[in-house]
Structure formats: C-alpha cells, structure tokens
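If you want the building blocks of each chain, they are given just below.
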Amino acid sequence: MKKSVFSFITTITLLLTFPVASLYAQGDTSSPYSQYGVGLLGDQSVGMSRGMNGVGIGLKEQGQVNYLNPATYSQIDSTTFIFDVAMTMQTANFRESTAQGSRSLNSRDACFEYAVASFRVRKHLGMSFGILPYSVVGYEYSTKPRTVNDYVQYPMTENKTTVSTQNTGAGGLRMVYIGAGWAISNRLSVGANVNYMWGTLDNYLVTTYTDSYVKSLSRYYTATISTVKLDFGVSYSLPLNKDNQLTMGLTYSPGYGMGASPRCEVVTSNAQSAVNDTTQYKAHNALRLPTSIGAGLSWKHKDKWIVGLDYTYQGWSKMKAVDYVNGKTGQKMGDDTDGFNDRHKINVGAQYCRNASGRSFGERIRYRFGAGYSTSYLKINDQKGPREISL
C-alpha cells in the first residue's frame with residue numbers, strides 16, 4: 001500500500017511538473033519591479049484561502065487544501081481526494097514620469113498558477129503535494145533615444161549621436177512540494193512541507209548608439225537556483241460554545257543561503273570594427289531564503305461565517321545586494337551594502353454561506369472576500385519599494 005501511494009504521488013507530480021514548467025516560463029507579469037531581487041513574490045494561497053485574499057494560517061477546514069499551514073492536512077476526510085488547479089489573468093498599467101514627459105504601458109498576462117492535491121493516509125494523518133510559484137520575472141521596456149549630450153557629463157555640441165537602452169527579463173522560481181499533517185488531539189495538529197525550489201532569473205540590459213563608431217554595451221545577468229525549502233506549522237482549535245470556535249495557527253520557515261552563484265557577462269561591441277570584448281563577473285552565495293514567521297487567527301460561527309486574520313514576517317534584510325567580482329582581475333561591479341528590506345504582510349478575509357447543507361444550490365454558495373496590505377522587500381536607489389494593497 002505504501003509503495004503504491006508513493007508511486008501515485010510521484011507520477012502525478014511528474015505529470016504536473018513538465019507541462020507546468022513550460023507555462024511558468026512564459027511568466028505572469030510585465031512589471032519592471034520584477035528585475036530586482038528574486039522577482040515579484042508569488043502568492044502561495046490556494047482554494048478557499050485565495051478567495052479570502054490569502055488568509056490561511058489560522059484556518060482549519062475539511063475539504064480544503066491549505067498549503068499556508070501544513071498542520072491542516074490532518075483534517076482531510078478519509079473518503080476525500082482533493083485536486084485543485086488554477087490559472088490567473090491580470091491587467092496592469094504602468095506610468096513613468098521623467099523630465100522629458102510621461103508615458104504609460106498597459107499589459108495583459110495569463111498563466112498557469114498552481115496545482116495541488118491532498119488526501120488522507122490514515123487516521124489523524126493527511127498528506128498534500130503539488131506545484132506552486134515562489135517568484136516571477138517578466139518585463140520588457142526601453143528608454144527613449146536621447147542625445148549623447150544629455151547622457152554624459154561633458155559637452156559634445158556638434159555630435160548628433162543618440163543613445164537608447166533596452167531592458168528585458170524573464171524567468172522565476174517554482175516549487176514542487178510534499179507535506180504531511182498529524183492530529184495529536186482533536187484540538188492540536190502539527191505539520192511540515194518539504195519544497196524543492198528551482199528556476200532561473202535572467203535580466204538583460206543593452207545600450208546602443210546611432211553612431212556605429214561608438215561601442216554598444218550589453219549586460220547579461222543570470223542566476224540558476226536549485227535548493228530545498230522547509231515549512232513547519234501548528235494549529236490549535238478552541239471551541240467557545242456550541243456555535244462558535246476559534247482556531248490559532250503558527251508557521252515557521254528557516255532562512256538560509258540558496259547556494260546560487262549569479263553571473264554577469266559584460267559585452268562591448270563595435271559595429272564598425274566588428275570586435276566584441278567580453279568580461280565575466282561572478283558572485284558566490286549571493287542569494288538566500290528569508291526566515292519567515294506567520295501567525296493567524298480565525299473565528300467560525302456555525303457553518304455560516306468564517307472570519308480570519310493573518311500576519312507574516314519575512315527577514316529579507318539579511319540578503320545583501322549582489323556583488324559581482326571578475327575572477328581574473330578581482331575587479332568588483334556593484335557593492336555589498338544591504339539591498340533589501342524586511343517584509344510585513346497583513347491579510348483579513350471572510351466567508352459567508354447561507355446554509356451549507358441546504359437543498360438549493362443558491363443556499364450552498366460560499367461568498368468569500370478579503371483585503372491585504374504588505375510592504376516591499378525591495379530597496380531601489382536606497383528607497384523602499386512599492387507597497388501593496390489588495391482586495
């Protein structure tokens with residue numbers, strides 16, 4: 001029995017991983033902010049939690065996969081196998097204001113989001129597995145052509161040469177996970193997720209001139225990541241009376257280095273002489289996973305109302321800005337100052353159902369809504385990155 005269960009999980013995970021990896025490669029963002037750090041962080045909430053705007057640490061519901069707190073896997077019913085798949089679509093508008101004026105960019109993106117499953121192994125023990133996003137990189141934008149006079153600090157009044165810059169990025173990090181939750185008692189559960197994280201982060205910057213005698217400059221940044229991420233969770237339910245119940249949850253994920261060695265290739269080329277010069281830079285163990293701590297609380301009234309509140313802290317400030325070094329000359333590119341901020345995230349959400357056991361479909365409909373606020377882990381030009389407000 002154990003061998004057949006393991007073979008089933010392995011087969012399903014492989015079937016999900018290969019087609020999904022190609023879908024992820026297309027990216028689901030067009031944000032220029034994804035060029036920094038490990039990209040835009042993904043939302044790991046699924047199903048019910050996603051409908052409540054990411055609330056899940058303090059939830060414990062049967063019939064739901066809750067990746068945010070692996071202790072909740074213990075609630076899966078013995079006759080239930082849950083399989084949840086999602087795709088997302090988004091529309092974004094970006095506006096840039098400069099001394100030369102302002103411009104806007106509209107983008108529409110769609111991609112595969114996640115696929116998760118959960119089932120009961122034995123009494124008090126449940127398991128879950130699937131694939132989820134951790135971060136995404138995807139953008140393409142360019143600067144307007146500018147005369148060299150405006151671009152450099154010395155006068156060239158007779159030169160009509162213009163310069164333009166093209167910025168492109170793609171990639172992201174994905175996670176395949178397997179987790180288990182154990183009910184120690186009717187009130188207390190514990191659980192853990194083991195995640196295998198992999199992906200690439202590619203960022204390209206190309207500067208070109210209209211004068212063929214002027215060398216163009218290209219920078220190709222790339223990082224290949226393959227590491228393991230661990231998550232731990234605990235959940236405790238406290239019945240207040242016949243109709244009301246409180247559930248509290250705590251989660252913890254240790255931070256450590258990803259073992260990645262980002263590379264930068266600087267290429268200068270002259271179209272007139274057809275000569276290219278390439279310089280290689282490399283950074284050792286520059287990226288790391290942040291320590292993450294989460295706490296959640298939810299209140300359930302009969303089977304009608306569920307209201308939850310989550311708080312999550314991520315210690316990104318321990319990850320330094322990437323410092324690239326030329327292996328031959330020892331020349332550095334960049335610096336080793338703090339390049340990131342700790343991230344704080346608060347989510348509140350609710351679910352309402354008129355009658356969960358009603359006969360009509362309308363009575364059994366569950367209405368979910370929520371709101372959230374989070375600070376950015378990015379630090380751009382010594383300024384804090386954009387804050388996020390979600391509904």
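Scroll up to find the structure this text is about.
Keep in mind the model is a prediction, meaning the values are calculated, not measured.

Trainee: Requested: an account of the nonpolar core, with residues and values cited.
Mentor: Within the largest apolar cluster, 31 residues are counted, with the highest numbers of intra-cluster contacts made by L132, L201 and L287. Of all the secondary structure elements, the ones that give two or more residues to this core are β2 (81-98), β3 (101-122), β4 (125-142), β6 (162-183), β7 (188-209) and β8 (216-239). If you look at the next biggest cluster of nonpolar residues, it comprises seven residues, including C264, Y281, A286 and Y324.

Trainee: Break down empty space enclosed by the protein for me, citing the residues and quoting the values.
Mentor: What the rule picks out here adds up to two cavities of 30 Å³ or more. One number sums up the size of the largest cavity: a volume of about 60 Å³. Around the largest cavity, the lining residues are V46, M48, S49, L59, K60, E61, Q64, V65 and N66. Across the lining of the largest cavity, the residue classes break down as four nonpolar, three polar and two charged.

Trainee: Can you explain the side chain of S31? Please cite residues and give values.
Mentor: For S31, the location among the structural elements is in the loop between α1 (2-25) and β1 (40-41). A distance of 3.2 Å separates a polar side-chain atom of S31 from the backbone nitrogen of Y33.

Trainee: Provide a residue-level description of the packing of aromatic side chains, including the pertinent values.
Mentor: Two descriptors summarise a pair of aromatic rings, namely the distance from one centre to the other and the angle between the planes of the rings. One pass over the structure, following the stated rule, counts ten aromatic pairs. Where Y139 meets Y141, the ring centres are 5.9 Å apart and the plane angle is 40°; that geometry is what we call tilted. What makes Y139 buried here is its relative accessible area of 6%. With a relative accessible area of 26%, Y141 lands in the partly exposed category. Connected via pairs of aromatic rings, a cluster forms that spans F81, F119 and F129.

Trainee: A description of the environment of G296 should follow, citing residues and the corresponding values.
Mentor: Checked against the element boundaries, G296 lands in strand β14 (residues 292-301). When its relative accessible area of 10% is taken as the criterion, G296 is described as buried. Separated by 13 residues in sequence, G296 and L309 place their C-alpha atoms 5.6 Å apart. If near-sequence neighbours (up to four positions away) are discounted, G296 is found in contact with I57, G58, T247, M248, G249, L309 and D310.

Trainee: How would you summarise unusual backbone geometry if you had to cite specific residues and measurements?
Mentor: Most of the time, phi is negative for any residue but glycine, and the peptide bond is trans. Located in the positive-phi region is H124, a residue other than glycine, with phi close to 75°. With respect to the helices and strands, the residue H124 is situated in the loop between β3 and β4. Phi is positive for K302, close to 50°, though the residue is something other than glycine. Counting through the fold element by element, K302 comes out in the loop between β14 and β15 (305-314).

Trainee: Any chance you could break down the environment of G370 for me, citing the residues and the numbers?
Mentor: One can find G370 in strand β19 (residues 366-374). C-alpha separation for the pair G370 and G349, spaced 21 residues apart in sequence, amounts to 3.8 Å. Setting aside residues up to four positions removed in sequence, G370 forms contacts with G51, M52, N53, V348, G349, S390 and L391.

Trainee: Describe the pairing of β4, with residues and values.
Mentor: Taken residue by residue, a regular strand's side chains alternate between the two faces of the sheet. For β4, the tally of buried residues reaches 14 of 18 residues, placing the bulk of the element in the interior. The pairing of β1 with β4 spans two bridges and is classified as antiparallel. Along β4, the bridge assignment pairs L41 with S135. Here β4 runs beside β6; their pairing, made up of 17 bridges, is antiparallel. Bridge pairing in β6 places G130 opposite Y177.

Trainee: Quick rundown of the side chain of S374? Include the residues and the values.
Mentor: Topologically, S374 is positioned in strand β19. Residue classification places S374 among the buried positions, given a relative accessible area of 4%. Discounting residues that sit within four places of it in the chain, S374 has contacts with R343, H344, K345, R387 and E388.

Trainee: For the pattern of salt bridges, give the residues involved together with the corresponding values.
Mentor: Oppositely charged side chains can form a pair if their charged atoms are brought close together. In total, this model carries five salt bridges according to the counting rule given. Of the charged contacts, one joins K229 and D231 as a salt bridge, the two residues approaching to 2.6 Å between their closest N and O atoms. For the pair K229 and D231, a shared accessibility class is recorded, and that class is buried. With a closest N to O distance of 3.5 Å, K300 and D303 form a salt bridge. Several salt bridges share partner residues, and in doing so they unite D43, R50 and E113 into one network.

Trainee: Go over a nonpolar patch on the surface with me, naming the residues and quoting the values.
Mentor: Among the surface-exposed residues, L240, W299, W305, Y367 and F369 lie close enough to one another that they form a single nonpolar patch of about 490 Å² accessible area. Locating W299 in the fold gives a position in strand β14. W299 sits in the partly exposed class, given a relative accessible area of 32%.

Trainee: Any chance you could break down the pairing of β7 for me, citing the residues and the numbers?
Mentor: Alignment of β6 against β7, held across 21 bridges, turns out to be antiparallel. Each residue of the ladder has a partner; that of T165, found in β7, is T207. In textbook terms, the turn of a hairpin is the stretch between consecutive antiparallel strands, and for β6 and β7 this stretch comprises four residues. One ladder, built from 20 bridges, connects β7 with β8; its direction is antiparallel. Residue pairing across strands places V206 opposite S218, the latter belonging to β8.

So, how was this worked out
- Residues numbered from 1 in each chain as written.
- Predicted model: local features only at pLDDT ≥ 70, side-chain atom pairs only at ≥ 80, totals over all residues.
- Heavy atoms only, no water.
- Core = buried A, V, L, I, M, F, W, Y, C linked by side-chain atoms within 4.5 Å.
- Buried < 20%, exposed > 50% of the residue type's maximum accessible area, 1.4 Å probe, protein only.
- Helix = DSSP H or I, 4+ residues; strand = E, 2+ residues; numbered from the N terminus.
- 1 Å grid on protein atoms, 1.4 Å probe; cavity = no way out; pocket = protein on both sides within 12 Å on 5 of 7 lines; lining within 4 Å.
- Points joined across faces, edges and corners; volume = space filled by probe spheres on them.
- Nonpolar A, V, L, I, M, F, W, Y, C, P; charged D, E, K, R; others polar.
- Polar contact = N/O pair within 3.5 Å; in protein donor to acceptor, adjacent residues only side chain to side chain.
- Phe/Tyr/Trp six-rings, centres within 6.5 Å; stacked < 30°, edge-to-face > 60°.
- Contact = heavy atoms within 4.5 Å.
- Pairing = 2+ DSSP bridges.
- Salt bridge = Lys/Arg side-chain N within 4 Å of Asp/Glu carboxyl O.
- Patch = residues over 30% accessible without salt bridge, like charges linked within 9 Å, V, L, I, M, F, W, Y side chains within 5 Å.
- Areas by Shrake-Rupley, 256 points an atom, 1.4 Å probe, with all protein chains shown as cover.

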